[in-house]
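What follows is the residue order along each chain.
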Amino acid sequence: MSSSDIFIGETIGTAILILLGGGVCAAVTLKASKARNAGWLAITFGWGFAVLTAVYTSAPLSGAHLNPAVTLALALKKNGISWSDVPIYWGGQLLGAMIGAALVWIAYYGQFLAHLTDKEIVGGPGAQATKTKAVEAQEAAAGPVLGIFSTGPEIRVAWQNVATEVIGTIVLVLAILTQGLNDGGNGLGTLGALITALVVVSIGLSLGGPTGYAVNPFRDLGPRIVHALLPLPNKGGSDWGYAWVPVVGPLIGAAIAAGIYNVAFA
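About the cut-offs
Residues numbered from 1 in each chain as written. Predicted model: local features only at pLDDT ≥ 70, side-chain atom pairs only at ≥ 80, totals over all residues. Heavy atoms only, no water. Helix = DSSP H or I, 4+ residues; strand = E, 2+ residues; numbered from the N terminus. Buried < 20%, exposed > 50% of the residue type's maximum accessible area, 1.4 Å probe, protein only. Contact = heavy atoms within 4.5 Å. Polar contact = N/O pair within 3.5 Å; in protein donor to acceptor, adjacent residues only side chain to side chain. Expected span 1.5 Å × (residues − 1). Lys, Arg positive; Asp, Glu negative; His and termini not counted. Salt bridge = Lys/Arg side-chain N within 4 Å of Asp/Glu carboxyl O. Patch = residues over 30% accessible without salt bridge, like charges linked within 9 Å, V, L, I, M, F, W, Y side chains within 5 Å. Areas by Shrake-Rupley, 256 points an atom, 1.4 Å probe, with all protein chains shown as cover. Axes fitted to C-alpha atoms, helices over the stretch in contact; angles between N-to-C directions. Parallel < 35°, antiparallel > 145°, perpendicular 65-115°, else oblique. Left-handed = near helix turned anticlockwise from the far one by under 90°. Nonpolar A, V, L, I, M, F, W, Y, C, P; charged D, E, K, R; others polar. Arc of directions from axis to C-beta.

## Concerning the overall build of the chain
Here comes step 1: Scanning the chain from terminus to terminus reveals twelve helices and zero strands.
Here comes step 2: In the chain, the succession of helices and strands from N to C terminus is α-α-α-α-α-α-α-α-α-α-α-α.
Here comes step 3: Looking at the 266 residues of the chain, the share that counts as buried comes to 49%.
Here comes step 4: Sequence-distant contacts, at least 24 apart, represent 79% of the contacts inside the chain between residues at least 6 apart.

## Observations regarding unusual backbone geometry
Here comes step 1: Of note in the backbone geometry, V215 takes a positive phi value of approximately 45° without being a glycine.
Here comes step 2: Structurally, V215 can be placed in the loop between α10 (190-207) and α11 (217-229).
Here comes step 3: Phi at N234 is positive, roughly 55°, even though this residue is not glycine.
Here comes step 4: Residue position: N234 is located in the loop between α11 and α12 (245-264).

## Observations concerning the side chain of N161
Here comes step 1: Relative to the helices and strands, N161 resides in helix α9 (residues 158-177).
Here comes step 2: For N161, a relative accessible area of 1% translates into the label buried.
Here comes step 3: Reaching out from N161, the side chain makes a polar contact with the backbone oxygen of I155 at a distance of 3.1 Å.
Here comes step 4: Beyond its immediate stretch of four places on either side in the chain, N161 contacts P153, I155, R156, T211, Y242 and V245.

## A look at α11
Here comes step 1: The terminal C-alpha atoms of α11, which comprises 13 residues, lie 19 Å apart, in line with the 18 Å expected from a rise of 1.5 Å per residue.
Here comes step 2: Of the surrounding elements, those touching the buried residues of α11 are α1 (3-29), α2 (40-62), α3 (68-76), α4 (86-107), α8 (146-149) and α12.
Here comes step 3: The backbone nitrogen of F218 lies 3.1 Å from a side-chain oxygen of the residue at the head of α11, namely N216.

## Some thoughts on the side chain of E10
Here comes step 1: Mapped onto the fold, E10 is located in helix α1.
Here comes step 2: Despite its burial, E10 remains without a salt bridge, the nearest opposite charge being carried by K77 at 15 Å.
Here comes step 3: Among the polar contacts made by the side chain of E10, one reaches the side chain of Q93 at a distance of 2.9 Å.
Here comes step 4: Not counting chain neighbours up to four residues away, the residues in contact with E10 comprise S62, A64, H65, L66, N67, Y89, G92 and Q93.

## Some thoughts on a nonpolar patch on the surface
Here comes step 1: Residues F7, I8, I12, L19, L20, L95, I99, L103 and I106 make up a contiguous nonpolar surface patch of about 700 Å² in total accessible area.
Here comes step 2: Elements with a minimum of two residues in the nonpolar patch: α1 and α4.
Here comes step 3: Considering each element in turn, the nonpolar patch owes the most residues, five residues, to α1.
Here comes step 4: Mapped onto the secondary structure, L19 falls in helix α1.
Here comes step 5: Residue L19 is classed as partly exposed on the basis of its relative accessible area, which comes to 30%.

## Brief notes about the pattern of salt bridges
Side chains that differ in sign of charge can pair as their charged atoms come close.
Here comes step 1: Applying the stated criterion across every chain, the model contains three salt bridges.
Here comes step 2: A salt bridge links R156 to D239; the shortest N-O distance between them is 2.8 Å. Note that R156 is positioned in the loop between α8 and α9 and D239 in the loop between α11 and α12, a separation of 83 residues in sequence.

## Side note on the packing of α9 against α12
Here comes step 1: Taken N-terminus to C-terminus, the directions of α9 and α12 make an angle of 45°; their axes are 7 Å apart at the nearest point. In terms of orientation, α9 lies oblique with respect to α12. Every pair of crossing elements has a handedness; the one defined by α9 and α12 is right-handed. Counted together, N161, V162, E165, V166, T169, I170, V173, L174 and L177 of α9 and V245, G249, P250, I252, G253, A254, I256, A257, A258, I260 and Y261 of α12 form the full contact between these two elements.
Here comes step 2: Within the contact of α9 with α12, the residues separate by chemical class into 15 nonpolar, four polar and one charged.

## Quick word on helix α5 (residues 109-116)
Here comes step 1: Those residues of α5 that fall on the buried side of the exposure criterion are F112, H115 and L116. End-on view of α5: buried residues confined to an arc of 85°, all on one side of the axis.
Here comes step 2: If you follow the buried residues of α5, they end up packed against α1, α4, α6 (119-122) and α8.

Dropping the structure here:
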């Protein structure tokens, strides 16, 4: 694979991943969406299908890492990818994640406006009267649509939030490494793409409750940057105080998974 193939493949694949994954979050969250309140099952399966589509599309070009944690693990893996390719993968992934998030905003433009101008959602006279000061302080860091773009914890305990992301990423990366992702530069076959998608659904159903299961640093960071930049009315904060957790946790998990693979499987 050439450097241009890697960069283009990762950009396209990650853009599709975030467009469809962020899209299902928007569909479930936003006012005037036909899928509003469809629930966690819709989100987990939506992300799984997003992975399937993105991997299948980009695998012929780049091997479909679509996740800097996966790229890190493949660099640490015995006889893995060259370290010189890592920045190329990461650059494409971050750009693609930002493009995908911007496309979600375009696709749901009217719904974003309706949602963020609804006083029952963004607040008005008396709208927040029933909330305690503790709840208000906790919510102040994250705006009402931030969850469409990035993840956040249900209970903010840093070590637990990091641990959750580490554990989920270990499961994901081990499942990928043991099926030979990008083996010999050939990328994933159709079955491998399906397996990866189902693993993502499983992680979401089993381990997604505490933090929203980023398990992918740029899946979280790229859209969070876009949320901070978009001209959304009443969008609130981007919760940068939490942003390090879905970056650091998956990278630690990927390194541990690569170590387990090298010891047990290589």
